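Geometric and topological summary
Read off the chains here:
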Amino acid sequence: MMKYKGYEAVVEFDAEAEIFHGEVINIRDVITFQGTSVSELKQAFHDSVDDYLDFCKERGEEPDKPFSGKFMVRINPELHKKIVIKAKKEGQSLNSLVEKILYLYAN
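So, here is what we can say about the structure in this document. (Residues numbered from 1 in each chain as written. Predicted model: local features only at pLDDT ≥ 70, side-chain atom pairs only at ≥ 80, totals over all residues. Heavy atoms only, no water.)

Remarks on the pattern of salt bridges
Note the cut-off: Any carboxyl oxygen of Asp or Glu within 4 Å of a side-chain nitrogen of Lys or Arg constitutes a salt bridge here. Here a strand is any run of E in DSSP of at least two residues, a helix any run of H or I of at least four, and the numbering for each starts at the N terminus. Under the scheme applied here, a residue whose accessible area is under 20% of the maximum for its type counts as buried, over 50% as exposed, and between as partly exposed, the area being computed with a 1.4 Å probe on protein chains only.
Per the counting criterion, the structure on display carries four salt bridges. Arg28 is paired through a salt bridge with Asp64; the nearest N and O atoms lie 3.3 Å apart. You can see Arg28 sitting in the loop between β3 (19–24) and β4 (32–35) and its partner Asp64 sitting in the loop between α1 (38–59) and α2 (77–89), a full 36 residues away along the chain. One salt bridge connects Glu61 with Arg59, and the closest N-O pair in it is separated by 3.2 Å. Taking relative accessible area as the criterion, Glu61 reaches 38% and is therefore assigned partly exposed.

Put into C-alpha coordinates, the structure is as follows:
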(Lines give C-alpha, C1' and ligand atoms only; values in the text may rest on other atoms or scores of the structure.)
Protein backbone atom coordinates (compact mmCIF):
# COMPACT_ATOMS: atom_id res chain seq x y z
CA MET A 1 0.00 0.00 0.00
CA MET A 2 1.30 3.44 -0.94
CA LYS A 3 0.01 6.76 0.45
CA TYR A 4 0.42 10.31 -0.81
CA LYS A 5 -1.65 13.43 0.02
CA GLY A 6 -4.40 11.23 1.47
CA TYR A 7 -4.63 9.05 -1.63
CA GLU A 8 -3.94 5.32 -1.25
CA ALA A 9 -2.79 2.98 -3.98
CA VAL A 10 -2.22 -0.71 -4.47
CA VAL A 11 0.64 -2.01 -6.58
CA GLU A 12 1.15 -5.19 -8.55
CA PHE A 13 4.17 -6.52 -10.39
CA ASP A 14 3.80 -7.82 -13.94
CA ALA A 15 6.60 -10.38 -14.23
CA GLU A 16 6.14 -10.80 -17.95
CA ALA A 17 6.42 -7.08 -18.70
CA GLU A 18 8.84 -6.56 -15.79
CA ILE A 19 6.97 -3.50 -14.59
CA PHE A 20 5.15 -2.35 -11.47
CA HIS A 21 1.72 -0.82 -11.97
CA GLY A 22 -0.54 0.78 -9.44
CA GLU A 23 -3.95 2.30 -8.99
CA VAL A 24 -5.41 4.71 -6.44
CA ILE A 25 -8.17 2.84 -4.62
CA ASN A 26 -9.78 5.28 -2.20
CA ILE A 27 -11.59 7.50 -4.72
CA ARG A 28 -14.11 6.90 -7.50
CA ASP A 29 -12.00 8.58 -10.21
CA VAL A 30 -9.29 6.50 -11.86
CA ILE A 31 -5.62 7.30 -11.22
CA THR A 32 -3.03 4.81 -12.45
CA PHE A 33 0.76 4.82 -12.64
CA GLN A 34 3.67 2.52 -13.42
CA GLY A 35 7.41 2.16 -13.04
CA THR A 36 10.26 -0.27 -13.50
CA SER A 37 11.80 0.33 -10.04
CA VAL A 38 10.51 1.21 -6.60
CA SER A 39 11.84 4.77 -6.82
CA GLU A 40 10.37 5.21 -10.31
CA LEU A 41 7.05 3.79 -9.12
CA LYS A 42 6.91 6.16 -6.12
CA GLN A 43 7.69 9.14 -8.33
CA ALA A 44 5.06 8.08 -10.89
CA PHE A 45 2.48 7.76 -8.09
CA HIS A 46 3.24 11.24 -6.78
CA ASP A 47 3.25 12.69 -10.30
CA SER A 48 -0.06 11.03 -11.17
CA VAL A 49 -1.78 12.36 -8.04
CA ASP A 50 -0.33 15.85 -8.62
CA ASP A 51 -1.38 15.74 -12.31
CA TYR A 52 -4.89 14.69 -11.28
CA LEU A 53 -5.14 17.57 -8.80
CA ASP A 54 -3.80 20.05 -11.38
CA PHE A 55 -6.22 18.74 -14.03
CA CYS A 56 -9.17 19.21 -11.69
CA LYS A 57 -8.00 22.72 -10.80
CA GLU A 58 -7.64 23.69 -14.48
CA ARG A 59 -11.19 22.51 -15.17
CA GLY A 60 -12.56 24.28 -12.10
CA GLU A 61 -13.70 20.97 -10.62
CA GLU A 62 -13.29 19.65 -7.10
CA PRO A 63 -11.05 16.58 -7.07
CA ASP A 64 -12.60 13.39 -5.80
CA LYS A 65 -11.59 13.30 -2.15
CA PRO A 66 -10.45 10.15 -0.37
CA PHE A 67 -13.36 8.46 1.38
CA SER A 68 -14.51 10.30 4.48
CA GLY A 69 -15.59 7.23 6.42
CA LYS A 70 -19.21 8.38 6.41
CA PHE A 71 -22.03 6.73 4.52
CA MET A 72 -25.78 6.44 4.96
CA VAL A 73 -27.49 3.08 5.00
CA ARG A 74 -31.26 2.69 4.78
CA ILE A 75 -32.59 -0.41 6.51
CA ASN A 76 -35.86 -1.83 7.74
CA PRO A 77 -36.96 0.03 10.92
CA GLU A 78 -37.35 -3.24 12.85
CA LEU A 79 -33.77 -4.25 12.01
CA HIS A 80 -32.62 -0.76 13.02
CA LYS A 81 -34.32 -1.20 16.40
CA LYS A 82 -32.77 -4.65 16.92
CA ILE A 83 -29.21 -3.54 16.21
CA VAL A 84 -29.53 -0.44 18.40
CA ILE A 85 -30.68 -2.68 21.27
CA LYS A 86 -27.85 -5.15 20.59
CA ALA A 87 -25.28 -2.34 20.57
CA LYS A 88 -26.60 -0.96 23.87
CA LYS A 89 -26.53 -4.41 25.46
CA GLU A 90 -22.88 -4.71 24.43
CA GLY A 91 -22.08 -1.25 25.79
CA GLN A 92 -21.16 0.28 22.46
CA SER A 93 -22.57 2.76 19.99
CA LEU A 94 -24.46 1.76 16.88
CA ASN A 95 -21.58 3.09 14.77
CA SER A 96 -19.06 0.96 16.67
CA LEU A 97 -21.17 -2.18 16.25
CA VAL A 98 -21.71 -1.61 12.53
CA GLU A 99 -18.03 -0.79 12.02
CA LYS A 100 -17.00 -4.02 13.79
CA ILE A 101 -19.37 -6.09 11.64
CA LEU A 102 -18.25 -4.42 8.42
CA TYR A 103 -14.61 -4.89 9.38
CA LEU A 104 -15.19 -8.62 9.89
CA TYR A 105 -16.99 -8.81 6.55
CA ALA A 106 -14.27 -6.90 4.68
CA ASN A 107 -11.47 -9.04 6.06
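Quick look at the packing of aromatic side chains
Selection criterion: In this scheme Phe, Tyr and Trp rings, the latter by its six-membered ring, pair at centre separations within 6.5 Å, and the angle between planes marks the pair as stacked below 30 degrees, edge-to-face above 60, and tilted otherwise.
Applying the stated criterion across every chain, the model contains four aromatic pairs. For the ring pair Tyr4 and Phe45, a centre distance of 6.1 Å and an interplane angle of 65° mean the geometry is edge-to-face. Residue Tyr4 is located in strand β1 (residues 2–4), and its partner Phe45 is located in helix α1; the two are separated by 41 residues in the primary sequence. Taken individually, Tyr4 and Phe45 each receive the classification buried, so the pair is uniform in this respect. Ring plane angle 35° and centroid distance 4.9 Å describe the contact between Phe33 and Phe45, whose orientation is recorded as tilted. Note that Phe33 is positioned in strand β4 and Phe45 in helix α1, a separation of 12 residues in sequence.

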